Amino acid sequence: MQNQSFRNRIEKYWSARAEAFGQLRAQELSGGKAGLWKREMRAHIADAGSPLKILDVGTGAGFLAILLAKEGHNVTGIDVSQKMLDKAASLAAQHGCSIDFIAMDVCAPDFGAESFDCVVGRNVTWTLPDPERAYREWHRILKPGGILLNFDADYGAADFVELHGLGGKHAHSDIPFSLVQECETIRKELPLSRERRPQWDMDILRKIGFSDCFYDNALSERIFAERDATYNPVPMFAISGRK
């Protein structure tokens, strides 16, 4: 487990990304990808006939939280970066959504057991200094029968300096190079940079006690078929499990 100074470094990096990150998520919310992401989540989060209580872990600029709130669910978003949460609150207000955004360590969420019907996340697990603890905590705060839905990629196996230099427009191309270098330095120290994913995730989820564990490696083919400024050059996968 990394020390507090490393955790602070991670928070500082994502706070530095907040402004541009918020702009990318605003583009996604106003474009065609919003509908594609809604379709992905609907495939896993069945219509319960009433609003679900959902936690968006590592909410960032609030993209998933806003989409789920628009579907009528009661959503809370947590993130380590207050600057990211400020962007999330601003975007939610623009979209007429009422969402609780709280600064909190997603590896140690301060909620009681069995508090949520669903836990969702996007591009967060790979960034965590203790991802196994996070999965255990997410299991703890889910109600019996609750769903974990995690969208991520094997970023730990990527080289962010190389990604930055890829031709064409993509989500990493406009990041200042100093931040790219910092991201690459952090990546090398993260636990999931030494694991094969999503196989590692499946093993951990089953060990913790999740059932109906499933992963889908074709997510990017559906979401990023059209290349634009929000295009992710690292193939994403979807992970789900039931408590």
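Source: prediction; values computed, not measured. (Residues numbered from 1 in each chain as written. Predicted model: local features only at pLDDT ≥ 70, side-chain atom pairs only at ≥ 80, totals over all residues. Heavy atoms only, no water.)

**Student:** Which residues make up the overall build of the chain, and what values go with them?
**Tutor:** Scanning the chain for helices and strands turns up nine helices and seven strands. Computed over its C-alpha atoms, the radius of gyration of the chain comes to 17 Å, within 12% of the 18 Å expected for a compact globule of 243 residues. Seen through its C-alpha atoms, the chain measures out along the principal axes to roughly 45 × 40 × 30 Å. Here the chain holds 243 residues, and 56% of them are scored as buried. Restricting to contacts in the chain with at least 6 residues of sequence separation, those with at least 24 account for 75%. About 10,600 Å² of surface is accessible on the chain, with carbon and sulfur atoms providing 48% of the total. Of the side-chain charges in the chain, 30 are positive and 33 negative, and the distance between the mean point of each set is 0 Å. (Helix = DSSP H or I, 4+ residues; strand = E, 2+ residues; numbered from the N terminus. Rg over C-alpha atoms; globule rule 2.2 N^0.38 Å. Buried < 20%, exposed > 50% of the residue type's maximum accessible area, 1.4 Å probe, protein only. Contact = heavy atoms within 4.5 Å. Areas by Shrake-Rupley, 256 points an atom, 1.4 Å probe, with all protein chains shown as cover. Lys, Arg positive; Asp, Glu negative; His and termini not counted. Charge placed at Lys NZ, Arg CZ, Asp CG, Glu CD.)

**Student:** Break down the nonpolar core for me, citing the residues and quoting the values.
**Tutor:** Judged by nonpolar contacts, the single largest core of 54 residues is most densely connected at Trp37, Met41, Ile45, Ile99, Val120, Phe151 and Met236. Those residues in contact with Met41, other than ones at most four positions away along the chain, are Leu64, Leu67, Leu68, Leu149 and Phe151. By size, the runner-up hydrophobic cluster in this structure holds 27 residues, among which are Leu55, Phe111, Phe116 and Phe237. (Core = buried A, V, L, I, M, F, W, Y, C linked by side-chain atoms within 4.5 Å.)

**Student:** Would you mind going over helix 2 (residues 33–42) in detail, with residue names and values included?
**Tutor:** Three or more residues of helix 2 are buried, namely Lys33, Ala34, Trp37, Lys38, Glu40 and Met41. Around the axis of helix 2, the buried residues are gathered within 160° of arc, so they sit on the same side. The inward-facing, buried residues of helix 2 abut helix 1 (4–30), helix 3 (63–70), strand 4 (116–122), strand 5 (142–153), helix 9 (219–223) and strand 7 (236–242). (Arc of directions from axis to C-beta.)

**Student:** Give a description of the environment of Arg187 that names residues and reports values.
**Tutor:** Considering the arrangement of structural elements, one finds Arg187 in helix 7 (residues 177–189). When the C-alpha atoms of Arg187 and Leu67 are compared, they prove to be 29 Å apart, with 120 residues separating the residues in sequence. Residues within four places of Arg187 in sequence aside, it is in contact with Trp126, Tyr155, Gly156, Ala157, Ala158, Phe160 and Ser193. Side-chain polar atoms of Arg187 contact the backbone oxygen of Ala158, separated by 2.8 Å. (Polar contact = N/O pair within 3.5 Å; in protein donor to acceptor, adjacent residues only side chain to side chain.)

**Student:** Can you lay out the layout of surface pockets for me, pointing to particular residues and giving the numbers?
**Tutor:** Of the volumes computed, that of the largest pocket is approximately 730 Å³. Along the wall of the largest pocket there are 45 residues; nearest its centre are Trp14, Asn123, Val124, Trp126 and Thr127. Counting residues per element, the ones that place at least two in the lining of the largest pocket are helix 1, strand 1 (53–57), helix 3, helix 6 (160–164) and helix 7. For the lining of the largest pocket, the leading source of residues is helix 1, giving twelve residues. Per-class residue counts for the lining of the largest pocket are 25 nonpolar, eleven polar and nine charged. Estimates place the volume of the second largest pocket at around 230 Å³. As for the second largest pocket, its lining consists of 17 residues, and the residues nearest its centre are Ala20, Leu24, Ala171, Asp174 and Ile175. Counting residues per element, the lining of the second largest pocket draws most heavily on helix 1, which supplies eight residues. For the lining of the second largest pocket, the per-class residue count stands at nine nonpolar, four polar and four charged. (1 Å grid on protein atoms, 1.4 Å probe; cavity = no way out; pocket = protein on both sides within 12 Å on 5 of 7 lines; lining within 4 Å. Points joined across faces, edges and corners; volume = space filled by probe spheres on them. Nonpolar A, V, L, I, M, F, W, Y, C, P; charged D, E, K, R; others polar.)

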